[in-house]
Amino acid sequence: MKCETDRNLSFPMRNCSGKRQCFLVKEAGFDDMQRNRKSTQPHSEEGGIRAAEYTAKEMKTLLDHVSGMYDLVRVVDPIECRILEFGQDGQVSRKDRCYGIWNANQKCVNCSSALACRTGCHQEKEESFEDRLFHIQSNPVRLKMPDGGSYDAVVELVSIDQKGRGDSAANDRAAENQDYRAARHQAQHDYLTNVLNPDGFSELSREEIVKNPKASWVMITSNIMDFRLINTLFGSQKGNEVIVQNAAELEKIARMGKGVCGRLGGDQFAVLLSEKMYREELLNSAAKKLKEAFSSGQYTFCIHFGVYHVEDPSLPVSVMCDRANTALRTIREDHRETVAYFNEQMMQKSLYEQGIISGFENALKDGQFRMYLQPLVFEDGRTCGAEALVRWHRPDGSVTMPGDFIETLEHAGLIHRLDMYIWECAVKQLQAWDRTPWQDLFLSVNMSAKDFYSVDVYQVLTGLIDRYQVPAGRLRVEITETALLEDPESGNEVIEKLRQRGFLVEIDDFGKGYSSLGLLKDIKADVLKIDMSLLREIEVKKRSRIILESIIRMALALGMEVVTEGVETQAQLKSLKEMGCRYFQGYLFSRPVPAREFEASCLKGEQ
Ligand code: C2E
Ligand code: MG
Ligand code: MG
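Residues numbered from 1 in each chain as written. Chains lettered and ligands numbered in written order. Predicted model: local features only at pLDDT ≥ 70, side-chain atom pairs only at ≥ 80, totals over all residues. Heavy atoms only, no water.

A.B. asks: Summarise the coordination of the magnesium ion (ligand 3); cite the residues concerned and give the values.
C.D. replies: Coordination sphere of the magnesium ion (ligand 3), protein contribution only: Asp508 (OD), Asp509 (OD), Glu565 (OE) and Glu565 (OE), at 2.0 to 2.4 Å. Within one chain, the residues donating to the magnesium ion (ligand 3) are spaced in sequence as D-D-x55-E. (Donors = N, O, S within 2.8 Å, 3.2 Å for Na, K, Ca; no water.)

What follows is the structure, given as C-alpha cells:
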C-alpha cells in the first residue's frame, strides 16, 4: 500500500487497513483554508511547523472528507479525555469519554493523542482491545473559536483489524509499515541533501526535546553570504554542490552532538544541538573548511551562524529558528564575523516585533493605520501631487512611524495587506478630489518588494481605479531601488504592464543602494526619486555634487522626471534647481500630514 503526505491537511496520513486505497486529499476549498492558515502563522515561514488551525466549519468539512477512509475519525480533547462535537454556531462542545473503545477502563495519559497534543507532532500507536487491533494516528490541531480564542485538540484517524488473521495479514502489515516508513522518510527529508526538510526538522527536533526533558539545547541556523552569486558566477550545479557539502558539514556536527540537522530552504540550514555538546569551535572549523573548498579568485565563500541558547524548550521550533536567525542577521553583511548569539536586546526586539504582528489584524480592522500626505512641489512652488505615507495611530494616542513596523510586516508576509489598504485610501482620496479644483493632483503610493510575491499588483491596482473611476495617470506607484534589485526581471515585467495601463511608475530611494546606475539601464520608469542621503552628501563632499548632478542629467536624458526627496533648506533647493531638478519633496514645504490638513495648508492657494 502507498502512503501520502497530504500538504493541504498538513499532517501525514496512512490508511492502515480496512480501506486500503491510497489517496491524496486535495480540493479547491482546502487550498483556500491553507492560505488562510498561513496568514495566521507568521513565524512558520522560516522553517518549522505548528498545529494547523481550523475553524469549526473547516473542521467539519475536513472530517466529512476523511471519514470514508478510516474505520473511525473523530476529534478529541485528550487532556479532558472527551470527544468533541461541533455546533452550527461554530461552538465546540465536549461529549462522551474518548477512551471508551480501546482503552476501556483507563484514563490514558500516555495515549498517542495526549502525546500529540503535548508535543504538537503527529503520533501513532497500536492498541489491542477485545480481539481487535486499533491503529491510531493522532494529529494535533488548533481550533479557532468564534470569540477569537483557540482550543488545542487532536484529530484521530483509526483503522481497526480483527486479531489472529494469520501470517498473510502479518506480512501485509510488515509491508505496509515498510512502505509507510519509506514514505515518511521521503516526506521528512530534503531531496537534494537528504537532511531533514523544514517539517521533518521541526518534528524531529520536537521529538528530541520531549524525549530528553532535562536537557538544555542550542538552536543554530546558518546562511551563506551572497549565495546567489555562486549560482550566477559558476552555475546552479556548483550551487548545489555547495549546498550538499554545507549540509554534510552541519550534519556531522549534529551527529557528533546527538542533534538534529535540517535544511530550512535555499542555503539556510538549522541544527538543534544539546547545549553540553556545543562549542563555537565546531562552527568556526566548518566555516573554515567550506571557505577553503569554495573560495576562488572571483568569490570569497563566507558562511554565518546564528545561535540561540534555548531557555524555554516548549517554544515552537520555528520560534527557536527565528531567534537564531535574528542573531544571524546582525552579522549577515560582515565578512569577518562567523557566529552571533541571540541576546537580551534581540529578545526585546523580537518581542516588539511579535507585538506588531499580533496587533496588526485588529489595527487594520479598527482603522488605526492612516494615510498621511506629503506634497510634491514643482519648481514654481505649486503643489502638483503628494506621496501617501502610512502612520499607525495606537489606541493609547501614540503614533508609530513606518520605519518601526514596515520591515516586520514584510518579514511576516503581511505588508501586502497594509499596502492594499493604503492604495485604496489613496484612490478614494483621488475620487473625492474629482470635480474639485484639485482634480488634477496625483498621489504616489509605496510598494514593497514583497507585494510582488503576495498579490497580483497589476490586478489590484487596476481593480481599484476601475471601482472608484479614477484615471490611471493620477496614481503613481513607487518601487524602491532595492526591491527592483531583488528581482529585476519580474519587477520590469510588472512595471511595463502598469505603464501600459497608464500608471506612472517611480523608482524610489535612488542612490541608497550600490548598483543604482546599472538599474537605470535595465528598468524603464517615468520618475526617478533621489534619496535624501545623496542630497545630504553634497554638503560635505564635493564629488557627491558632481555625481548627483550627473544622475539628474542622465535621468532627464533618459526621458525621466526627477524628484529629490528630503529637501529641508532653501540652500538645498537652490542647488537642486541649478542642477536641473524641477520637482521636490521635503520638510521645507511640509511634513507628511493627514489629508484634511494637506487640503487646508498645502493647497490653500490652489482652489
Ligand atoms: P519613502 O517612500 O522614501 O518616503 C519618504 C520618507 O522621507 C518619509 O518617511 C518622509 O516622512 C521622509 N521625509 C520627507 N521629507 C523629509 C525631509 O525633509 N527630511 C527628513 N528627514 N525626512 C523626510 P516616513 O513617512 O517615515 O516613511 C519612511 C519609509 O517607509 C518610506 O520612505 C517608505 O519606504 C516606507 N513607507 C511609508 N509608508 C508606506 C506604505 O504605506 N507602504 C510601504 N510599503 N512602505 C511605506
Ligand atoms: Mg516612497
Ligand atoms: Mg523615498
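A.B. asks: Quick one: what's the story with the site of ligand 1, residue by residue and with numbers?
C.D. replies: Within the structure, ligand 1 sits among 24 residues, and Glu387, Arg391, Asp419, Glu568 and Tyr587 are positioned closest to it. With respect to ligand 1, the side chain of Glu387 contributes an N or O atom lying 2.8 Å from an oxygen atom. Backbone polar atom of Tyr587 to an oxygen atom of ligand 1: 2.8 Å apart, as the coordinates give it. Calculation on ligand 1 without its partners gives an accessible area of 790 Å², and the protein chains cover 84% of this total. The element that contributes the greatest number of residues to the shell around ligand 1 is strand S16 (residues 383–393), accounting for four residues. (Near = heavy atom within 4 Å. Polar contact = N/O pair within 3.5 Å; in protein donor to acceptor, adjacent residues only side chain to side chain. Areas by Shrake-Rupley, 256 points an atom, 1.4 Å probe, with all protein chains shown as cover. Helix = DSSP H or I, 4+ residues; strand = E, 2+ residues; numbered from the N terminus.)

A.B. asks: Please give an account of the coordination of the magnesium ion (ligand 2) that cites residues and values.
C.D. replies: Here the magnesium ion (ligand 2) is held by the protein donor atoms Glu387 (OE), Asn446 (OD1), Glu478 (OE) and Asp508 (OD), which lie 2.0 to 2.3 Å from it. A separation of 3.9 Å is found between the magnesium ion (ligand 2) and the magnesium ion (ligand 3), which are bridged by Asp508. Of this pair, Glu387 sits in strand S16 while Asn446 sits in strand S18 (residues 442–447), placing them 59 residues apart in sequence.

A.B. asks: Residues and numbers for the sheet that holds strand S12 (residues 268–274), please.
C.D. replies: Spatial strand order, S11-S12-S10-S13-S14: five strands in an open sheet with mixed pairing. The open sheet has two edge strands with one neighbour each: strand S11 (260–265) and strand S14 (339–341). Between one strand axis and the next, the sheet turns by 20° as a mean value, whatever way the strands run. Pairing geometry for strand S10 (residues 217–224) and strand S13 (residues 303–310), over eight bridges, is antiparallel. When the bridges of S13 are listed, Ile224 appears paired with Ile303. The strands touched by helix H5 (residues 198–211) within the sheet are S10, S11 and S12, with S11 carrying the most contacts at an inclination of about 150°. This element, helix H7 (residues 236–256), spans S10, S11, S12 and S13 of the sheet and lies at about 10° to S12. (Pairing = 2+ DSSP bridges. Axes fitted to C-alpha atoms, helices over the stretch in contact; angles between N-to-C directions. Contact = heavy atoms within 4.5 Å.)

A.B. asks: Give me the pairing of strand S21 (residues 527–530): which residues, what numbers.
C.D. replies: In S21, alternate side chains face the same way, and those of Val527 and Lys529 on one face and Leu528 and Ile530 on the other are all buried. Inspection of the sheet shows strand S20 (residues 504–510) paired to S21 by three bridges, in the parallel sense. Among the inter-strand pairings, Ile507 is bridged to a residue of S21, identified as Leu528. By the bridge criterion, four bridges tie S21 to strand S22 (residues 561–564) in an arrangement that is parallel. If you follow Ile530 over to S22, its bridge partner there is Thr564. (Buried < 20%, exposed > 50% of the residue type's maximum accessible area, 1.4 Å probe, protein only.)

A.B. asks: Explain the environment of Ile465 residue by residue, including any values.
C.D. replies: The residue Ile465 is located in helix H14 (residues 457–468) in this model. Under the relative-accessibility criterion, Ile465 is labelled buried at 3%. Separated by 38 residues in the primary sequence, Ile465 and Val427 have C-alpha atoms spaced 6.7 Å apart. For Ile465, the residues in contact, after removing those within four places along its chain, are Val427, Val470, Ala472, Leu475, Arg501 and Phe503.

A.B. asks: If you had to explain the packing of aromatic side chains to someone new, which residues and values would you point to?
C.D. replies: By convention here, two paired aromatic rings are described through the distance between centres and the angle between planes. Under the definition given, this model contains ten aromatic pairs. When the centroid spacing of 6.4 Å and the interplanar angle of 80° are considered together, the rings of Tyr278 and Tyr341 count as edge-to-face. Of this pair, Tyr278 sits in the loop between S12 and helix H8 (280–294) while Tyr341 sits in strand S14, and the two are 63 residues apart along the sequence. For the ring pair Phe294 and Phe301, a centre distance of 6.0 Å and an interplane angle of 40° mean the geometry is tilted. Phe301 carries the same exposure label as Phe294, and that label is buried. (Phe/Tyr/Trp six-rings, centres within 6.5 Å; stacked < 30°, edge-to-face > 60°.)

A.B. asks: If you had to explain the pattern of salt bridges to someone new, which residues and values would you point to?
C.D. replies: Using the criterion set out here, one finds 29 salt bridges in the structure. Between Arg263 and Asp190 there is a salt bridge, and its shortest N-O distance comes to 3.0 Å. Within this pair, whereas Arg263 is found in strand S11, its partner Asp190 is found in the loop between helix H4 (167–188) and H5, the two being separated by 73 residues in sequence. By the burial criterion, Arg263 is buried, and Asp190 matches it. Lys512 is the partner of Asp509 in a salt bridge, and the nearest nitrogen-oxygen pair spans 3.8 Å. Looking at Asp509, the relative accessible area reads 16%, which means it is buried. Looking at Lys512, the relative accessible area reads 56%, which means it is exposed. Among the charged side chains, a salt-bridge network with shared partners connects Glu387, Glu478, Lys529 and Glu565. (Salt bridge = Lys/Arg side-chain N within 4 Å of Asp/Glu carboxyl O.)

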